[in-house]
Amino acid sequence: GAVVSQHPSWVICKSGTSVKIECRSLDFQATTMFWYRQFPKQSLMLMATSNEGSKATYEQGVEKDKFLINHASLTLSTLTVTSAHPEDSSFYICSASRGRGLAPDTQYFGPGTRLTVL
Amino acid sequence: QKEVEQDPGPLSVPEGAIVSLNCTYSNSAFQYFMWYRQYSRKGPELLMYTYSSGNKEDGRFTAQVDKSSKYISLFIRDSQPSDSATYLCAMSFFLFSGGYNKLIFGAGTRLAVHP
């Protein structure tokens, strides 16, 4: 099956610093990549969607200047949390879509990155 | 009202029990109905998905969709301790403006199967 990796798996940073999280599709080219955020015991909430070479589309309520997304290639997307604050502490999960199929089994999730802001 | 409602539990059952997990939804535009399993601090793993009303079976798992009632279920037969995880329902519709399937997740139900 298709594999999506994330790096790092866990990051701790000081308030005010920026953190970059990488998402890679290892064995396929992803037409679209998605970034989700999950707070403890809560659902996955879509933050933004990105296609290679174009600007990301952010969900309502997500600050685009705070959560910078760069989709540099068909296998790599990065999420940078700028000037992180404790309320940004969360579990960030990316997913990658292979092709433009409608079926859910064309979208693969990464293992997640746990961000803790002190 | 949330688009997808799911009881967060926790649900604790003995090994061998039949588990029933449910979600309701409000958006008639949803086309696919999915169940994901998520272990602690891991990404979700797709278990099953259905497109229309009816049942779909895969081993010990059965997914059921009732579009008229906007209600979906996942049944786990002969539950095992290894089934202990959070189960997320999710629904999707195709966003033509973006050219992708948009997923909306439920809150997840934490299941514990004890020996």
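What you are looking at is a predicted structure, and each value in this text was computed from that prediction instead of being measured.

A. Broad picture of a nonpolar patch on the surface. A cluster of nonpolar side chains, contributed by A:Trp10, A:Ile12 and A:Leu118, occupies part of the molecular surface with about 370 Å² of accessible area. Counting through the fold element by element, A:Trp10 comes out in strand β2 (residues 10–13).

B. Representation of unusual backbone geometry within the structure. Cis geometry marks the peptide bond from A:His7 to A:Pro8, where omega comes out at 0°. Following the sequence through the fold, A:Pro8 ends up in the loop between β1 (4–7) and β2. The amide bond that connects B:Gly9 to the next residue, B:Pro10, takes the cis arrangement and shows omega of 10°. Residue placement: B:Pro10 occurs in the loop between β1 (4–6) and β2 (11–14). Residues other than glycine seldom take positive phi values, yet A:Lys41 does so here, at roughly 60°. One non-glycine residue, B:Asp78, lies in positive phi territory at about 45°. Its location among the elements puts B:Asp78 in the loop between β8 (71–76) and β9 (85–95).

C. Spotlight on the sheet that holds strand β6 (residues 54–58) of chain B. All names here are of chain B. The antiparallel open sheet is built from five strands, whose spatial order is β1-β3-β8-β7-β6. At either end of the open sheet lies a strand with only one pairing partner, and these are β1 and β6. Each neighbouring strand pair of the sheet contributes to a mean axis angle of 15°, computed without reference to strand direction. Note that β1 and strand β3 (residues 19–25) share three bridges and pair antiparallel. By the bridge assignment, Val 4 is partnered in β3 with Tyr 25.

D. Structural detail: the sheet that holds strand β7 (residues 67–73) of chain A. Residue and element names in this part refer to chain A. Spatial ordering of the open sheet is given by β1-β3-β8-β7, a layout of four strands whose pairing is antiparallel. Sheet topology places β1 and β7 at the edges, where each strand pairs with a single neighbour. Across the sheet, the mean angle from the axis of one strand to that of its neighbour is 15°, orientation sign disregarded. With four bridges connecting them, β1 and strand β3 (residues 19–25) associate as antiparallel partners. Among the inter-strand pairings, Val 4 is bridged to a residue of β3, identified as Ser 25.

E. Representation of the side chain of A:Ser77 within the structure. All names here are of chain A. Mapped onto the fold, Ser 77 is located in strand β8 (residues 76–81). Ser 77 sits in the buried class, given a relative accessible area of 0%. Polar contacts involving the side chain of Ser 77 include one to the side chain of Trp 35, which spans 3.0 Å. Leaving out residues up to four positions away in the same chain, Ser 77 has contacts with Ile 21, Glu 22, Cys 23, Met 33, Trp 35, Ser 50, Ile 69, Asn 70 and His 71.

F. Molecular detail of the pairing of strand β11 (residues 109–114) of chain B. Residues and elements named next belong to chain B. Every second residue of β11 is oriented toward a common face, the buried set being Thr 109, Leu 111 and Val 113 and the non-buried set Arg 110, Ala 112 and His 114. Pairing analysis gives three bridges linking β9 to β11, with the strands arranged antiparallel. From the neighbouring strand, Thr 86 faces β11, where its bridge partner is Arg 110.

Rules used in this analysis
Residues numbered from 1 in each chain as written. Chains lettered and ligands numbered in written order. Predicted model: local features only at pLDDT ≥ 70, side-chain atom pairs only at ≥ 80, totals over all residues. Heavy atoms only, no water. Patch = residues over 30% accessible without salt bridge, like charges linked within 9 Å, V, L, I, M, F, W, Y side chains within 5 Å. Areas by Shrake-Rupley, 256 points an atom, 1.4 Å probe, with all protein chains shown as cover. Salt bridge = Lys/Arg side-chain N within 4 Å of Asp/Glu carboxyl O. Helix = DSSP H or I, 4+ residues; strand = E, 2+ residues; numbered from the N terminus. Pairing = 2+ DSSP bridges. Axes fitted to C-alpha atoms, helices over the stretch in contact; angles between N-to-C directions. Buried < 20%, exposed > 50% of the residue type's maximum accessible area, 1.4 Å probe, protein only. Polar contact = N/O pair within 3.5 Å; in protein donor to acceptor, adjacent residues only side chain to side chain. Contact = heavy atoms within 4.5 Å.

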